[in-house]
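Spelled out from the first residue to the last, the chains are:
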Amino acid sequence: MVVGTLKKTQIYSPSTLYLWEEERSTDGSKWKFLEHKGPVLAPPYEPLPGHVRFFYDGELSAPAEEVATFFAKMLDHEYTTKEMFRKNFYKDWRKEMTSEEKSKITDINKCNFTEMSEYFKAQSEARKQMSKDEKLENERILQEYGFCVMDNHKERIGNFRIEPPGLFRGRGDHPKMGMLKRRIRPEDIIINCSKDSKHPKPPQGTRWKEVRHDNKVTWLVSWTENIQGSIKYIMLNPSSRIKGEKDWQKYETARRLKKCVERLRAQYREDWKSKEMRVRQRAVALYFIDKLALRAGNEKEEGETADTVGCCSLRVEHIKLYPKMDDQEYVVEFDFLGKDSIRYYNKMPVEKRVFKNLQLFLENKQPEDDLFDRLNTSILNKHLQELMDGLTAKVFRTYNASITLQQQLKELTSPDESIPAKILSYNRANRAVAILCNHQRAAPKTFEKSMQNLQTKIDEKQKQLSATRKQLKGAKTEHKASHDDRSKKMVEVKRKAVQRIEEQLMKLQMQATDREENKQIALGTSKLNYLDPRISVAWVKKWDVPMEKIYNKTQREKFAWAIDMAEEDYEF
DNA sequence: CATGCGACTTAGTAGAGAAACC
DNA sequence: GGTTTCTCTACTAAGTCGCATG
């Protein structure tokens, strides 16, 4: 499944060039040379100054201060009011207390963190004032630790800082929210680099857990996190060769799916009739994944994470069947929490055969039973692999997202519209994808207000327009009467003014529409992860839209390969 | 086959920084 | 010039998927 490799021919120039390169190592090695400075550790704890007090039940106290400050720092956040959060925090906090403190502090509700909280607020205010030095220092750290050398190229590292200690903030109803995320020491850290590179040095008097030289992986640093026991990594920035190449490959796989998707669709429709239950379940699940862009849905360990599901892990309680709904037949209603506990709610009419199958799957089951009891992601992906080399469930999301963007752009862009109108069209196409993938965001806190402000501006612009139109009319009348040069000029001036204001008004209205439609939709995720950037690049080139209207600096860096590769006739 | 682990991609949000506004 | 508003970036959680292990 080798699709070629990307090669950077320049180091970090804005127009980094990529070239085709035929050959690529077949032994699974990801690099030949890797050298870096290691991670930036979290700054050590600074004890609170003496005047900052902590009260327990009205009495002065100071138990396990550092952990207490983690809670204090979050005091304004809703998290700290949640029972589960408080319980988990309190339990972990007690582990850090001396036995004396433990016997004194017995009820979190009698703790008063307000002075600590005030202190940190004041601190962050103060930090804003002297941010210049800090900025300089950050820049120095970035220059020193933010880059590595991989195979002759200086590459930007993604996250070179070790996560600081704090309280775990899970998403949704997470059973571990509030638990103490402990400080990572050099002794917890594994370094990965070339044998023949200059190895990163641990801080004075400490040592790394291990230094290894594994070129079958792309990470530079790893450690095990204590909440879930999972491994965290430091890896390269998306602009790096190694990430770009992988990204490109991903879209090439999706394009191969495009070529055979009709065959697969015919196949799963056929499988709806199978006499084998597992085949039918597989086929219906695949239909959902294809049609609704659902995620695969791996099983999760109960009690370890928030209760969320994807396609294969859907339960009976997550769907409702309606033989008739309004003027539609065979409607399925989905209502479940997906990744990040984002709600997926949708009603979709399905084919009769799918509907009948679903009824069958539901027979004799409790709400908490699996809908697809004969299916999991491993079975599904094995099947997909047989249908097409490299095919897995997530490829459908990539494929459907990209093909939707391409279709929508074709449909929505009109040749004679202005640049702002074209950008609105682009955003609408992007939005169609975000809706398909259910990429949501919390409506901005100030949304209503900012909407109102914009409307005020529009109203004002409208008034200005009608006033200027009146002036134009007046000028015309005057010109008719006098027929002199001066009045002729005046007509021209007013005509131009009207035109300009009309354009401004249109732009504002466009902005308003765009913003309103975007209230709870997050466009970024699909843009960054699902849309073949070559589609956008081609569109931009075709319609002479400035690239930076579509992609900001980071995005242009990430998609440098596509910007370089795609011409206006590119087709996904 | 179930289970767990490792590596990697995908995800929303908080807060910093930049731009617009007054 | 200071404040408000918007945009971007950093952060890190939460998925997917392949593979080893028993």
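Just so you know, these numbers come straight off a predicted model, no measurement behind them.

## Section: the overall build of chain A
Then, in step 1: A count of helices and strands for chain A gives 17 helices and 17 strands.
Then, in step 2: With the C-alpha coordinates of chain A rotated into their principal frame, the extents come out at 100 × 75 × 55 Å.
Then, in step 3: Relative to its full complement of 572 residues, chain A shows a buried share of 44%.
Then, in step 4: When contacts within chain A are restricted to residue pairs at least 6 apart in sequence, long-range pairs at least 24 apart make up 68% of them.
Then, in step 5: Counting only carbon and sulfur atoms, one obtains 49% of the accessible surface of chain A, whose full area is about 32,200 Å².
Then, in step 6: Chain A carries 107 positive and 88 negative side-chain charges, and their two centres are separated by 3 Å.

## Digging into the confidence of the model for chain A
Then, in step 1: The predicted model of chain A has a mean per-residue pLDDT of 89, with 95% of residues at 70 or higher.
Then, in step 2: Between residues 9–23, whose pLDDT stays under 50, and residues either more than four places distant or in other chains, the model counts 34 contacts.

## Side note on the side chain of S536
Then, in step 1: The residue S536 is located in helix α15 (residues 533–543) in this model.
Then, in step 2: Residue class for S536 comes out buried when judged on its relative accessible area of 1%.
Then, in step 3: The contacts of S536, once residues within four sequence positions are left out, are L405, Y426, I550 and Y551.

## Some remarks on the packing of helix α6 (residues 241–271) against helix α7 (residues 277–292)
Then, in step 1: It is at 8 Å that the axes of α6 and α7 come closest, and there the two elements cross at 140 degrees. Our classification of the angle between α6 and α7 gives oblique. The element α6 and its partner α7 pack so that their crossing is left-handed. Residues R265, Y268 and D271 of α6 pack against V279, R280, R282, A283, L286, Y287 and D290 of α7.
Then, in step 2: Its residues placed into classes, the contact of α6 with α7 shows five nonpolar, no polar and five charged.

## Topic: the pattern of salt bridges
Where charged atoms from two side chains of opposite charge come close, those side chains can pair.
Then, in step 1: Evaluation of the coordinates by the stated rule reveals 37 salt bridges.
Then, in step 2: Among the ionic pairs, D188 bridges to R185, the shortest N-O distance being 2.8 Å.
Then, in step 3: D188 gets classed as buried once you look at its relative accessible area, which sits at 12%.
Then, in step 4: Across the pair R495 and E492 runs a salt bridge, and its minimum N-O distance is 3.2 Å. With R495 and E492 both in helix α13 (residues 485–517) and three residues apart, the pair spans about one turn of that helix.
Then, in step 5: Accessibility expressed as a relative area gives 39% for R495, which makes it partly exposed.
Then, in step 6: Salt bridges linked by common partners bring K37, E137, R140 and E144 together as one network.

## Remarks on the UniProt feature "active site" (unreviewed entry) in chain A
Then, in step 1: The UniProt entry lists Y530 under the feature "active site" (unreviewed entry), expressed in the numbering used here.
Then, in step 2: The residue Y530 is located in the loop between α14 (524–529) and α15 in this model.
Then, in step 3: For Y530, a relative accessible area of 15% puts it in the buried group.
Then, in step 4: If we ignore the near neighbours within four places in the chain, the residues touching Y530 are Y251, R397, T398, A401, S402, H439 and T525.

## Focus on the packing of aromatic side chains
Then, in step 1: Counted according to the given criterion, the structure contains 25 aromatic pairs.
Then, in step 2: Between F71 and F89 the ring centres are 4.4 Å apart and the planes differ by 25 degrees, which places this aromatic pair in the stacked class. Of this pair, F71 sits in helix α1 (residues 65–73) while F89 sits in helix α2 (residues 83–96); the two residues are 18 residues apart in sequence, bridging distant segments of the chain. Each of the two residues, F71 as well as F89, counts as buried.
Then, in step 3: On the numbers, 5.7 Å between centres and 50 degrees between planes, the contact of W219 with Y233 is tilted. Taken as a pair, W219 in the loop between β12 (210–212) and β13 (221–224) and Y233 in strand β14 (residues 231–234) lie far apart in primary sequence, 14 residues in all.
Then, in step 4: Owing to a relative accessible area of 31%, Y233 belongs among the partly exposed residues under this scheme.
Then, in step 5: Through successive ring pairs, a cluster of aromatic residues spans Y268, W272, Y287, F288, F334, F336, Y344, F361 and F372.

## Focus on the protein's contact with DNA strand C
Then, in step 1: In the region of DNA strand C, 30 residues are neighbours, and R171, K232, G297, K394 and T554 sit closest.
Then, in step 2: For DNA strand C, the backbone portion of the atoms within 4 Å of the protein, that is sugar and phosphate, comes to 89%.
Then, in step 3: Measuring from a phosphate oxygen of DNA strand C, one finds a backbone N or O atom of N298 at 3.0 Å.
Then, in step 4: Separating a phosphate oxygen of DNA strand C from a backbone N or O atom of A393 is a distance of 3.2 Å.
Then, in step 5: The set of elements that each furnish at least two residues to the surface near DNA strand C consists of α10 (393–412) and α12 (447–482).
Then, in step 6: Among the elements that make up the surface near DNA strand C, the one with the highest residue count is α12 (three residues).
Then, in step 7: Considering only residue class, the surface near DNA strand C consists of four nonpolar, 13 polar and 13 charged.

About the criteria used
Residues numbered from 1 in each chain as written. Chains lettered and ligands numbered in written order. Predicted model: local features only at pLDDT ≥ 70, side-chain atom pairs only at ≥ 80, totals over all residues. Heavy atoms only, no water. Helix = DSSP H or I, 4+ residues; strand = E, 2+ residues; numbered from the N terminus. Buried < 20%, exposed > 50% of the residue type's maximum accessible area, 1.4 Å probe, protein only. Contact = heavy atoms within 4.5 Å. Areas by Shrake-Rupley, 256 points an atom, 1.4 Å probe, with all protein chains shown as cover. Lys, Arg positive; Asp, Glu negative; His and termini not counted. Charge placed at Lys NZ, Arg CZ, Asp CG, Glu CD. pLDDT = per-residue confidence, 0-100. Axes fitted to C-alpha atoms, helices over the stretch in contact; angles between N-to-C directions. Parallel < 35°, antiparallel > 145°, perpendicular 65-115°, else oblique. Left-handed = near helix turned anticlockwise from the far one by under 90°. Nonpolar A, V, L, I, M, F, W, Y, C, P; charged D, E, K, R; others polar. Salt bridge = Lys/Arg side-chain N within 4 Å of Asp/Glu carboxyl O. UniProt positions renumbered as here; feature names shortened; annotations may be inferred. Phe/Tyr/Trp six-rings, centres within 6.5 Å; stacked < 30°, edge-to-face > 60°. Near = heavy atom within 4 Å. Polar contact = N/O pair within 3.5 Å; in protein donor to acceptor, adjacent residues only side chain to side chain.

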